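Architecture at a glance
Spelled out from the first residue to the last, the chains are:
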Amino acid sequence: MATVKIPTPLRVTTADLDTVQGSGDDLISVIENLESQFPGIRERLLDENNELRRFVNIFINGEDVRFLDGLNTSITASDEISIVPAVAGG
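Here is a short report on the structure shown in this document.

Cut-offs applied
Residues numbered from 1 in each chain as written. Predicted model: local features only at pLDDT ≥ 70, side-chain atom pairs only at ≥ 80, totals over all residues. Heavy atoms only, no water. Buried < 20%, exposed > 50% of the residue type's maximum accessible area, 1.4 Å probe, protein only. Helix = DSSP H or I, 4+ residues; strand = E, 2+ residues; numbered from the N terminus. Pairing = 2+ DSSP bridges. Salt bridge = Lys/Arg side-chain N within 4 Å of Asp/Glu carboxyl O.

1. Here's the deal with the pairing of strand β3 (residues 56-60)
- Within β3, four of the five residues are buried, which leaves it mostly tucked inside the rest of the structure.
- Pairing of β3 with strand β5 (residues 80-85), which is carried by five bridges, proceeds in the antiparallel orientation. Bridged to N57 within β5 is V84.
- Inspection of the sheet shows β3 paired to strand β4 (residues 63-64) by two bridges, in the antiparallel sense. Each residue of the ladder has a partner; that of I60, found in β4, is E63.

Next up, the structure:
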């Protein structure tokens, strides 16, 4: 199982856990696995077209998935997945 770092705004779905374990061969499978453990997390990460929301960034071992294979990026048990909400300001 990969380690998934949960940001503060999403901890409402994980009973305030900042790190959880997710399993799957690719990122979308891990997200589906997280949804089965923590209902409601998927809709905060993916839009109605099953695409990563614009304001959500996901990194696998420090690499932005948008520059890898997106939701199809392969995951291994030793991977660290970090969910990072986008920061806006002026």
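There's more to say after this.
2. Structural notes on the pattern of salt bridges
- Following the criterion strictly, the structure yields two salt bridges and no others.
- Residues E32 and R42 are paired through a salt bridge, measuring 2.5 Å at the closest nitrogen-oxygen approach. Taken together, the positions of E32 in helix α1 (residues 27-37) and R42 in helix α2 (residues 41-45) put the pair ten residues apart, joining distant regions of the chain.
- Exposure remark for R42: the relative accessible area of 21% places this residue in the partly exposed category.

So far we have only geometry, and geometry alone does not tell us how the molecule works.
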